[in-house]
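A look at the structure
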Amino acid sequence: MSEQTIALVTGANKGIGYEIAAGLGALGWRIAVGARDQQRRDAAVERLRAAGTDAFGVPLDVADDASAAAAAELIADRAGGLDVLVNNAAITGSMPQTPSALDPATVRAVVETNVIGVIRVTNAMLPLLRGSAAARIVNMSSSVGSLVLQTTPGIDMGPVPAAYLASKTFLNAVTVQYAKELSGTGILVNSGCPGFTATDLNGFQGVRTPQQGAAIAIRLATLPGDGPSGGFFDDGGTVPW
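So, here is what we can say about the structure in this document. Position labels on residues start from 1 in each chain and follow its written sequence. Two thresholds apply to this predicted model, a pLDDT of at least 70 for residue-level local features and 80 or more for giving and counting side-chain atom pairs, whereas whole-chain, interface and lining totals are computed over all residues. Water and hydrogen atoms were dropped before computing side-chain values, which therefore reflect all heavy atoms in the structure.

1. Brief notes about the overall build of the chain
Helical segments are the DSSP runs of H or I of at least four residues, strand segments are the runs of E of at least two, and each set is numbered from the N terminus. For the chain, the count of helices and strands is seven helices and eight strands. Throughout, radius of gyration means the C-alpha value; the globule benchmark is 2.2 Å times the number of residues raised to the power 0.38. Taken against the 2.2 N^0.38 rule, which gives 18 Å for 241 residues, the C-alpha radius of gyration of the chain at 17 Å falls within 12% of a compact globule. Taking the principal axes of the C-alpha coordinates as reference, the chain spans close to 50 × 40 × 30 Å. Buried residues are those whose accessible area, probed at 1.4 Å on protein chains only, stays under 20% of the maximum for their type, while exposed residues exceed 50% and partly exposed ones sit between those limits. Scored against the burial criterion, the 241 residues of the chain give a buried share of 50%.

Pasting the structure below:
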């Protein structure tokens, strides 16, 4: 990678995204903090800098084409390139999400952020990532998107948030396709599951801390050149599709 590795983390103003940024920053990397809310973004950058991380803010709404394009231009101007992209920004969508009660508008909103947003940002950043000697793309997924786990007798995945669950299955499929397209380029693309982490996404009901949830993203962002691509992983290893 470049002399100072540059990473963009989306949704990095709080929770798991912030801890991913902090963990990568602790490695001496320069961190682009992607977030929509200016106040929260500025506060996250200030907090990261206070801890010794070389961080700068990137206004980024993953649901907006112009915002993603502008973010790529800003990173090119401020950092000169990009080595790692962590697609962390996500929403759960309004409840209930049992299939029979699901509002199609909720599905559209969730997929717009959790899947199309990943495609939008990834494609905007790819020209920069292609310029890196060893780029990495990490898509933050969830084991609830695993069709194997969802259909294995005896495994309780909890309530069925249909739109959110389906968006993560969709995201995993997109991860595989990016890995296939970018095979041989040196860009490794993987999905990571943070586990049931206490964040505002789930009303802080999770049993893991955001720092624990960030660990898999940090591991996938720092894979060696012979590391896997097109896989789905958590702290325990490979997660079944």
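From this point, the narrative continues.
2. As for helix H3 (residues 65–79)
Relative to the 21 Å expected for 15 residues at 1.5 Å per residue, H3 spans 21 Å between its end C-alpha atoms, a close match to the ideal helical length. For H3, every residue scored as buried is listed here: Ser 67, Ala 68, Ala 71, Ala 72 and Ile 75. Down the axis, H3 shows its buried residues gathered within 140 degrees of arc, on one side only. Among the exposed residues of H3, those oriented more than 90 degrees off its buried face are Asp 65, Ala 66, Glu 73 and Asp 77. The secondary structure elements touched by the buried residues of H3 are strand S1 (6–10), strand S2 (30–35), strand S3 (54–59) and helix H4 (104–129). Pairing of N or O atoms within 3.5 Å defines a polar contact, subject to two protein rules: one partner must be a possible hydrogen donor and the other a possible acceptor, and residues neighboring in sequence count only if both atoms are side-chain atoms. Capping the start of H3, Asp 64 holds a side-chain oxygen 3.2 Å from the backbone nitrogen of Ala 66, two or three residues further along. One less than the residue count of a helix, multiplied by 1.5 Å, gives the span that helix is expected to have. Throughout, the arc means the angular range of directions from the helix axis out to the C-beta atoms. Should any heavy atoms of two residues lie within 4.5 Å, those residues are considered in contact.

3. Points about the sheet that holds S1
When DSSP finds at least two bridges between two strands, those strands are taken to pair. As summarised here, the arrangement of the eight strands in space is S3-S2-S1-S4-S5-S6-S7-S8, forming an open sheet in which the pairing is mixed. Two strands in the sheet have a free side with no partner beyond their single neighbour: S3 and strand S8 (237–238). The pairing of strand S5 (residues 136–140) with strand S6 (residues 188–192) spans five bridges and is classified as parallel. The partner of Val 138 across the bridge, within S6, is Asn 190. In this fold helix H7 (residues 210–221) packs onto strand S4 (84–87), S5, S6 and strand S7 (232–234), with an angle of close to 155 degrees to the strand it touches most, S5. Only the contacting stretch of a helix is used when fitting its axis, a line to C-alpha atoms as for every element, and angles between N-to-C directions run 0 to 180 degrees.

4. Digging into the packing of aromatic side chains
Aromatic ring pairs: the centre-centre distance and the angle between the two ring planes describe each pair. Classification of ring pairs rests on two measures: the distance between centres of Phe, Tyr or Trp rings, Trp counted by its six-membered ring, which must be within 6.5 Å, and the angle between planes, read as stacked under 30 degrees, edge-to-face over 60 and tilted in between. What the rule picks out here adds up to one aromatic pair. Their ring planes at 25 degrees and their centres at 5.5 Å tell us that Phe 232 and Trp 241 sit as a pair that is stacked. A relative accessible area of 1% places Phe 232 in the buried class.

By themselves these figures say nothing about function.
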